[in-house]
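# Notes for the structure review
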Amino acid sequence: MSTHIGAKSGDIAETILLPGDPLRAKYIADTYLEDVVCYNEVRGMLGFTGTYQGHRISVQGSGMGIPSFAIYANELISEYGVKNLIRVGTCGGMQEHVRVRDVVLAQAACTDSSMNKHVFGGYDFSPIATFSLLKEAYDRATAKGMNIHVGNVFSSDSFYRDDRSVTEKLMKHGVLGVEMETTALYTIAAKFGVNALTILTVSDHLLTGEETSAEERQKTFNDMMVVALETATT
Ligand code: HPA
C-alpha cells in the first residue's frame, strides 16, 4: 500500500475517475461498473476497480481542495502506475452564458494556491488539460447535444470568499467557473507525463446566485458521467 491508499500493486486500473466525494465514487462504481472490487477504505476515501463495457477502470474519492487531491494524484501515479486521470466534479458558474446544469471542460486552470509558486520558484506554470482527452470529451458531449463550455477554470483554495474583487477580475478575463482541484491535477499529470482532464457540472452560479436541487445535480451528474466514462474507455 502507499501512504494513503490501501491497495496492492495491480489493484488500480491505468484509467481512473476522481470525484471529490468518496460516496460519489461508490455511487459511480455501483451504478456504472461491473465486477467491482473496493480497494481502499483508508480515511473513508473509497476507491473501486471494475469494468465499463469491458474496459478496466477505477474510481477514487479525492477529497476537497488541492492538498487532499494532490496526495491521491501523486500516489495513484507514482505508486500504482495510473496513466489517465479524469476529475468529475462541480463548479460555480462565473459567466452569464455558463448556466447551472451546463457542463464545463477545463482546458486550463488558474489558481490562488501557492503550491506552484513554490515549485516553480515564483514563476507561473500554466496547468493545461491533455488535448486528446479534451477533444474526445468535447466530441462525445456535443454528439449528445449537451450544453458544453470549454475554457479556463479557477481552482480556488477558498470556498467561502469575503472579497469578490479577484473573482470579478477573473470573470473579466473569461474564466468559466470556480472549483478547488484542477490546478493540482494538471500540474501533477504534467510532472509525471500522464494524461488528465477535468469535467464539471455547474452546480451554482456566482453571478445569479442560482443553485441546483439535489435531484437536478444527480441528473446532470449522470449525463456528465456517461461522457467521462466514454472518454475514459475510448
Ligand atoms: N467554489 C468552489 N468550488 C465550488 C463552487 C464554488 O462556488 N461551486 C462548486 N464547487
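Reference entry: report on the structure contained in this document.

Calculation rules
- Residues numbered from 1 in each chain as written.
- Predicted model: local features only at pLDDT ≥ 70, side-chain atom pairs only at ≥ 80, totals over all residues.
- Heavy atoms only, no water.
- Helix = DSSP H or I, 4+ residues; strand = E, 2+ residues; numbered from the N terminus.
- Buried < 20%, exposed > 50% of the residue type's maximum accessible area, 1.4 Å probe, protein only.
- Polar contact = N/O pair within 3.5 Å; in protein donor to acceptor, adjacent residues only side chain to side chain.
- Contact = heavy atoms within 4.5 Å.
- Patch = residues over 30% accessible without salt bridge, like charges linked within 9 Å, V, L, I, M, F, W, Y side chains within 5 Å.
- Areas by Shrake-Rupley, 256 points an atom, 1.4 Å probe, with all protein chains shown as cover.
- Salt bridge = Lys/Arg side-chain N within 4 Å of Asp/Glu carboxyl O.
- Axes fitted to C-alpha atoms, helices over the stretch in contact; angles between N-to-C directions.
- Parallel < 35°, antiparallel > 145°, perpendicular 65-115°, else oblique.
- Left-handed = near helix turned anticlockwise from the far one by under 90°.
- Nonpolar A, V, L, I, M, F, W, Y, C, P; charged D, E, K, R; others polar.
- Near = heavy atom within 4 Å.
- 1 Å grid on protein atoms, 1.4 Å probe; cavity = no way out; pocket = protein on both sides within 12 Å on 5 of 7 lines; lining within 4 Å.
- Sits in = over half its atoms within 2 Å of the grid points.

## Quick notes on the environment of Cys-91
- In this structure, Cys-91 sits in strand 5 (residues 84–93).
- Residue classification places Cys-91 among the buried residues on the basis of a relative accessible area of 2%.
- Taking C-alpha positions, Cys-91 is 29 Å from Glu-34, a pair spaced 57 residues apart along the chain.

## Some thoughts on the side chain of Glu-179
- Mapped onto the elements, Glu-179 comes out in strand 8 (residues 177–179).
- Only 3.2 Å separates the side chain of Glu-179 from the backbone nitrogen of Glu-181, close enough to count as a polar contact.
- Apart from residues lying up to four places away in sequence, Glu-179 is in contact with Arg-87, Thr-90, Cys-91, Val-153, Phe-154, Ser-155, Ser-156, Thr-198 and Leu-200.

## So, a nonpolar patch on the surface
- There is a patch of nonpolar side chains on the surface, built from Val-119, Phe-120, Tyr-123 and Phe-125 and spanning about 420 Å² of accessible area.
- Structurally, Phe-120 is set in the loop between helix 3 (115–119) and helix 4 (131–143).
- Note on Phe-120: relative accessible area 31%, which makes it partly exposed.

## Concerning the packing of helix 2 (residues 66–80) against helix 6 (residues 182–192)
- Interaxial distance between helix 2 and helix 6 falls to 9 Å at its minimum, and their mutual angle equals 25°. Relative to helix 6, the element helix 2 is oriented roughly parallel. Between helix 2 and helix 6 lies a crossing of right-handed hand. Touching Ile-66, Phe-69, Ala-70, Ala-73, Asn-74, Ile-77 and Ser-78 of helix 2 are Thr-183, Ala-184, Leu-185, Ile-188, Lys-191 and Phe-192, all from helix 6.
- Class assignment of the residues belonging to the contact of helix 2 with helix 6 gives a composition of 9 nonpolar, 3 polar and 1 charged.

## Some thoughts on the site of the ligand
- Neighbouring the ligand are the residues Thr-90, Cys-91, Gly-92, Phe-159, Val-178, Glu-179, Met-180, Ser-203, Asp-204 and Leu-206.
- Thr-90 is positioned such that a nitrogen or oxygen atom in its backbone is 3.5 Å from a nitrogen atom of the ligand.
- Here Asp-204 contributes a side-chain N or O atom positioned 2.9 Å from a nitrogen atom of the ligand.
- The fraction of the free accessible surface of the ligand (260 Å²) that becomes covered by protein chains is 90%.
- When each cavity is represented as a set of grid points, the ligand is found to reside in the largest pocket.
- Of all the secondary-structure elements, those providing two or more residues to the shell around the ligand are strand 5, strand 8 and strand 9 (195–205).
- Tallying contributions element by element places strand 5 first for the shell around the ligand, with 3 residues.

## Describing unusual backbone geometry
- Backbone geometry places Asp-35, a non-glycine residue, at a positive phi of 50°.
- Classification of Asp-35 as exposed rests on a relative accessible area of 64%.
- A positive phi angle, close to 45°, is found at Gln-53, a residue other than glycine.
- Position of Gln-53 relative to the elements: it lies in the loop between strand 3 (47–52) and strand 4 (55–60).

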